[in-house]
Amino acid sequence: MKFFVDTAEIADIRDLAATGLLDGVTTNPSLIAKSGRNILDVIAEICAIVPGPVSAEVAATEYAAMLKEAAVLKAIAPNVTIKVPLTPDGLKACYALSQEGTMVNVTLCFSSAQALLAAKAGASFISPFVGRLDDIGQNGMDLIADIVQIYNNYPAIRTEVLVASIRNPIHLIEAAKIGADVATIPPSVIRQLYNHPLTSSGLAAFLADWAKTGQTIG
Ligand code: E4P
């Protein structure tokens, strides 16, 4: 499973990139707003740190304007992936961009019918939002299972299922059990993945016993 980080914070991206865990980055207009920085500067900086796909989202909602913005974003670096919303105009832009060889991430997916449309439009990634579905009392992970099953029925579909709106490690593990291709994970959740109380207590016991030996290594 590929790990993307869902943030526009450079310090977090730099830290995580150094661990070797990062396969890509996703941003959205809210994350760019939170960073307080210019989108072109942030995306350029992220692309210089992470060689994998870096999603940059268009803000336009109309087809021609989306393509104009996509051209500006694409020019930043070859690993920019254009993120478009799952709307008729977004999917039309997805089709045009994918036809010319640009990677496209179709975002704001909340149904398997939408995921099927995105695949037919040539999306490189479909982003179903599990956390936001859970928030309204639906089971976000059921949607991931449905999309993976549907895509697996058609080997010609190359679209990768990118699980988005991940809120906790359980979301990630459930998505991995289903066989989703990618998870985009907030930095706070990536850090939680390391933790287990038995790891901490086990390490403390080892260090205490080691201190009693008075030895050093090397
Ligand atoms: C990623 O591409 C999505 O924009 C993001 O995961 C949404 O997460 P949220 O529902 O926590 O805002």
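Residue numbering note: each chain is counted from 1, following its sequence as written. It should be noted that, the model being predicted, local features are given only for residues of pLDDT at least 70 and side-chain atom pairs only at 80 or more, the latter also being counted only at that level, while totals for whole chains, interfaces and linings use all residues. Note: side-chain values were computed over all heavy atoms of the structure, leaving out hydrogens and water.

**Some points on a nonpolar patch on the surface**
Phase 1: What goes into a patch is any residue over 30% in relative accessible area without a salt bridge, connected to like charges within 9 Å or, for nonpolar side chains (Val, Leu, Ile, Met, Phe, Trp, Tyr), within 5 Å. Accessible surface area values rest on a Shrake-Rupley calculation with a 1.4 Å probe, where residue burial reflects the displayed protein chains alone. A side-chain nitrogen of Lys or Arg and a carboxyl oxygen of Asp or Glu constitute a salt bridge if their distance falls within 4 Å. Together, Leu203, Phe206 and Leu207 make up a nonpolar patch on the protein surface, roughly 350 Å² of accessible area in all.
Phase 2: Here Leu203 falls in the partly exposed class, since its relative accessible area comes to 48%. We call a residue buried when its accessible area falls under 20% of the maximum for its residue type, exposed when it is over 50%, and partly exposed in between, using a 1.4 Å probe and counting protein chains only.

**A closer look at the side chain of Thr102**
Phase 1: Starting at the N terminus, helices and strands are each numbered in turn, a helix being any DSSP run of H or I of at least four residues and a strand any DSSP run of E of at least two. Within the secondary structure, Thr102 sits in the loop between helix 5 (88-99) and strand 5 (104-109).
Phase 2: Pairing of N or O atoms within 3.5 Å defines a polar contact, subject to two protein rules: one partner must be a possible hydrogen donor and the other a possible acceptor, and residues neighboring in sequence count only if both atoms are side-chain atoms. Within the structure, Thr102 has its side chain in polar contact with the side chain of Glu100 (distance 3.1 Å).
Phase 3: If near-sequence neighbours (up to four positions away) are discounted, Thr102 is found in contact with Lys74, Ile82, Leu97 and Ser124. Here, residues are in contact when the closest pair of their heavy atoms is within 4.5 Å.

**Considerations on the nonpolar core**
Phase 1: Counting residues in each nonpolar core, the largest one holds 59 residues, and the members touching the most others are Val106, Ile126 and Val161.
Phase 2: Per-element tally for this core: the top contributor is helix 8 (residues 140-153), with 6 residues.
Phase 3: Those residues in contact with Val106 that sit more than four places away from it in its chain are Val84, Pro85, Leu86, Leu91, Cys94, Ala118, Ala123, Phe125, Ile126 and Ser127. To form a nonpolar core, buried Ala, Val, Leu, Ile, Met, Phe, Trp, Tyr and Cys residues must be joined to one another through side-chain atoms within 4.5 Å.

**Section: the state of the cysteines**
Phase 1: In this description, a disulfide is simply a cysteine sulfur pair whose atoms lie within 2.5 Å. Under the counting rule described, the total for this entry stands at 0 disulfides.
Phase 2: Just so you know, Cys109 is unpaired, no disulfide at all, and the nearest cysteine sulfur is the one on Cys94, 12 Å from it.
Phase 3: Judged by its relative accessible area of 0%, Cys109 is buried.

**Points about the site of the ligand**
Phase 1: Any residue with a non-hydrogen atom lying within 4 Å of a molecule or strand is treated as near it. Around the ligand, a shell composed of Asp6, Thr26, Asn28, Lys83, Phe129, Arg132, Ala164, Ser165, Arg167 and Thr184 is seen.
Phase 2: Note that an oxygen atom of the ligand is positioned 2.5 Å from one of the side-chain N or O atoms of Lys83.
Phase 3: Side-chain polar atom of Arg167 to an oxygen atom of the ligand: 3.1 Å apart, as the coordinates give it.
Phase 4: When the ligand is considered free in solution it has 340 Å² of accessible area, and contact with the protein chains removes 84% of it.
Phase 5: A pocket here means an open set of points on a 1 Å grid, computed over the protein atoms alone, that has protein on both sides within 12 Å along at least five of seven lines. A cavity is instead a set of points where a 1.4 Å probe fits but cannot get out; residues with an atom within 4 Å of a point line either one. For this analysis, a molecule is said to be in a pocket or cavity if more than half of its atoms are within 2 Å of the grid points defining it. Its atoms largely coinciding with the cavity grid, the ligand occupies the largest pocket.
Phase 6: In this classification, Asp, Glu, Lys and Arg are treated as charged, Ala, Val, Leu, Ile, Met, Phe, Trp, Tyr, Cys and Pro as nonpolar, and every other residue, Gly included, as polar. Taken together, the residues of the shell around the ligand sort by class into 2 nonpolar, 4 polar and 4 charged.

**Here's the deal with the pairing of strand 4 (residues 80-85)**
Phase 1: For strand 4, the buried fraction is high: 6 of the 6 residues fall into the buried class.
Phase 2: Where strand 3 (residues 54-57) lies against strand 4, 4 bridges are found, and the strand directions are parallel. Considered in strand 4, the bridge of Ala56 is made with Ile82.
Phase 3: Read as a crossover between parallel neighbours, the route from strand 3 over helix 4 (residues 63-74) to strand 4 is right-handed.
Phase 4: Think of it this way: DSSP has to see at least two bridges between two strands before they count as a pair. Pairing analysis gives 4 bridges linking strand 4 to strand 5, with the strands arranged parallel. Crossovers are marked right-handed if the path from the first strand over the helix to the second runs clockwise, as seen with the strands pointing away from the viewer.

**Digging into the packing of aromatic side chains**
Phase 1: A pair of aromatic rings is counted whenever rings of Phe, Tyr or Trp (Trp by its six-membered ring) have centres within 6.5 Å, and the orientation is called stacked for planes under 30 degrees apart, edge-to-face for over 60 and tilted otherwise. Throughout the structure, instances matching the rule amount to 2 aromatic pairs.
Phase 2: With a centroid separation of 5.7 Å and an interplanar angle of 70°, the aromatic rings of Phe4 and Phe125 are classed as edge-to-face. Taken together, the residues Phe4 in strand 1 (residues 2-6) and Phe125 in strand 6 (residues 125-128) connect sequence positions 121 residues apart. The residues Phe4 and Phe125 share a single accessibility class, namely buried.
Phase 3: For a Lys NZ or an Arg CZ to count as sitting over a ring, it must be within 6 Å of the ring centre and within 35 degrees of the ring normal. The ring of Tyr63 has Lys92 lying over it, and the distance from NZ or CZ to the ring centre is 4.3 Å.

**Considerations on the layout of surface pockets**
Phase 1: Grid points are joined across faces, edges and corners, and a volume is the space filled by probe spheres set on the points. Considering only enclosed or pocket space, the largest pocket measures out at about 250 Å³ in volume.
Phase 2: Around the largest pocket, the lining is made up of 17 residues, and of these Asp6, Asn28, Leu31, Arg132 and Ser165 lie nearest the centre.
Phase 3: For the lining of the largest pocket, the residue count by class is 6 nonpolar, 7 polar and 4 charged.

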